[in-house]
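Okay, here's what each chain looks like letter by letter:
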Amino acid sequence: MEDNSNKTDEMVFGEIIGMRDEIGKIQEAIADFEVGKKINVAIIAGLFGGKTTLIKEIEKLNLSRATKITFSEVVRDKKEISLSGDTKRVVLFDNCHFLYLRKPGGFDIFYEFLDMISSQNRIFITTWNIYSWKYLKEVFELEKYFPVQIVVPAFSEEHLKQLIFNRYEEGEIIFNNGRESDEEPVAYITEYPIELSAIGKKISIPILKINIHYLKKYLLSEKKEKKEGKEKTAEHRVFERIHLESKGNPGVALRIWKLALDYPHIKPEDVGNFSYDIELEQEEAFVLNLILSYQGLKKSDIVDIIGSMLKTDEVLFQLLNQELVFEDENDSFRVRPEALHSVITDLEKLRLVW
């Protein structure tokens, strides 16, 4: 099976794309803090949605006055959230969904964090997985601590195109229409056998053959597209399908592009339709929800939450078998990007996420 793991669940997109308004709002909050207002910021997005890219851009814009701390797994020691004496007045915390463990007694560090951001004379700019945020908002009224909330928007088709093209030189990728491989050519030479009784032999003569079926289908398709004003190039159709399948999620779009690309060629028909038939027991669905909400969990974290090594092994086997998750090089289990929307839809039906 192909290893389609990602080094991080928040992909690095290079140049910031499609987030000008969000950057403006965060910079405005920092400016307000500098004139005496106490305002904290929460950047909220789903998996692969771009929140880490956004906070990295904020760090670049505020290098002289910002300190950035990134959490890569569940925080178990409050020293990890302690600020040193040289910490600057703008503090960036990435991946704050790792500040709690969803079990009795698993919220001590989270309480310490809330106390810190409430009491210190600093502005705290944080990122949160949207499903962890919704859970913590429901249970702890988390939104009260963050007057400024930035929900990272889905990318437009044009922004996805820009994101992908930024990885290549101009003209490097070749977009194939794909129609030429669907049928026989419109016209071609074939051999036609003729029996010559006078000499008792068969000979073949070349004749021109017209593929009437394909020609009719092609012309009708072209006529329909012209009538609807949709003379779409192969490039347009590729990005239209990627946008549809990814629902504007940049990380998912990059994964779909990678799966479809036969470098340097790509055609619309190769952009797959990613829909998973998910069959999960209640405990399996709960663990899948945890992996979705944390963006990545080690096996030991899952055991800690559900309380059984044996049950954890059984659940992870089912999730891996259905190709809903993968284990990365850091031994964390993560949702596969191409399965993301099927996972969300299934968990919504079970009311485990909302």
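Residues numbered from 1 in each chain as written. Predicted model: local features only at pLDDT ≥ 70, side-chain atom pairs only at ≥ 80, totals over all residues. Heavy atoms only, no water.

**Describing the pattern of salt bridges**
Phase 1: As enumerated under the stated definition, the model contains 16 salt bridges in all.
Phase 2: A salt bridge links Glu240 to Lys232; the nearest nitrogen and oxygen atoms lie 3.0 Å apart.
Phase 3: Take Lys232: its relative accessible area is 26%, and that puts it in the partly exposed class.
Phase 4: For Asp328, the salt bridge identified is with Arg334, shortest N-O distance 2.6 Å. Taken individually, Asp328 and Arg334 each receive the classification buried, so the pair is uniform in this respect.
Phase 5: One continuous salt-bridge network, built from bridges that share partners, spans Arg76, Lys103, Asp301 and Asp304. (Salt bridge = Lys/Arg side-chain N within 4 Å of Asp/Glu carboxyl O. Buried < 20%, exposed > 50% of the residue type's maximum accessible area, 1.4 Å probe, protein only.)

**Some points on the confidence of the model for the chain**
Phase 1: This prediction gives the chain a mean pLDDT of 88; 82% of its residues lie at or above 70.
Phase 2: Note on residues 180-184: pLDDT under 50 across the span, and seven contacts to partners over four residues away in sequence or across chains. (pLDDT = per-residue confidence, 0-100. Contact = heavy atoms within 4.5 Å.)

**Regarding the sheet that holds strand 12 (residues 332-335)**
Phase 1: Taken in spatial order, the three strands make up an open sheet running 10-12-11, and their pairing is antiparallel. Whereas interior strands pair on both sides, the edge strands pair on one side only; in this sheet they are strand 10 (297-298) and strand 11 (325-327).
Phase 2: Inspection of the sheet shows strand 11 paired to strand 12 by three bridges, in the antiparallel sense. Its bridge partner being in strand 12, Phe326 is matched across the sheet by Arg334.
Phase 3: Running at roughly 110° to strand 11, helix 11 (residues 309-321) makes contact with strand 11 and strand 12 of the sheet. (Pairing = 2+ DSSP bridges. Helix = DSSP H or I, 4+ residues; strand = E, 2+ residues; numbered from the N terminus. Axes fitted to C-alpha atoms, helices over the stretch in contact; angles between N-to-C directions.)

**Focus: the nonpolar core**
Phase 1: Formed by 102 residues in total, the largest nonpolar core has its most connected members in Phe93, Phe110, Phe113, Ile125, Trp128 and Trp257.
Phase 2: Discounting residues that sit within four places of it in the chain, Phe113 has contacts with Ile81, Phe93, Cys96, Leu99, Thr126, Trp128 and Phe146. (Core = buried A, V, L, I, M, F, W, Y, C linked by side-chain atoms within 4.5 Å.)

**Examining the sheet that holds strand 5 (residues 148-151)**
Phase 1: Read from one edge of the open sheet, five strands run 2-3-4-1-5, paired in parallel fashion. Single-partner strands in this sheet number two, and they are strand 2 (66-70) and strand 5. Sheet twist, expressed as the average angle between the axes of neighbouring strands with direction ignored, equals 15°.
Phase 2: Here strand 1 (residues 41-45) runs beside strand 4 (residues 123-129); their pairing, made up of five bridges, is parallel. Note on strand 4: the bridge partner recorded for Ile44 is Trp128.
Phase 3: Across the sheet, helix 1 (residues 20-34) is in contact with strand 1, strand 3 (90-94), strand 4 and strand 5; its angle to strand 4 comes to roughly 150°.

**Side note on the packing of aromatic side chains**
Phase 1: For the structure shown, the criterion picks out 22 aromatic pairs.
Phase 2: With 5.5 Å between their ring centres and 75° between their planes, Phe93 and Phe113 make a pair best called edge-to-face. Within this pair, whereas Phe93 is found in strand 3, its partner Phe113 is found in helix 3 (residues 108-119), the two being separated by 20 residues in sequence.
Phase 3: What makes Phe93 buried here is its relative accessible area of 0%.
Phase 4: Following the ring pairs from residue to residue traces out a cluster consisting of Phe98, Tyr100, Phe107, Phe110, Tyr111, Tyr135, Phe140 and Tyr294.
Phase 5: One residue, Arg102, lies across the ring of Tyr135, its end atom 4.0 Å from the ring centre. (Phe/Tyr/Trp six-rings, centres within 6.5 Å; stacked < 30°, edge-to-face > 60°. Lys NZ or Arg CZ within 6 Å of the ring centre and 35° of its normal.)

**Regarding the packing of helix 10 (residues 299-306) against helix 11**
Phase 1: Contact pair helix 10 / helix 11: the axes reach a minimum separation of 9 Å and the direction vectors enclose 120°. Looking at the two axes, helix 10 sits oblique to helix 11. Relative to helix 11, helix 10 is oriented so that their crossing is right-handed. Seen from helix 10, the contacting residues are Lys299, Ile302, Val303 and Ile306; seen from helix 11, they are Met309, Lys311, Thr312, Asp313 and Leu316.
Phase 2: Tallied by class, the residues present in the contact of helix 10 with helix 11 amount to five nonpolar, one polar and three charged. (Parallel < 35°, antiparallel > 145°, perpendicular 65-115°, else oblique. Left-handed = near helix turned anticlockwise from the far one by under 90°. Nonpolar A, V, L, I, M, F, W, Y, C, P; charged D, E, K, R; others polar.)

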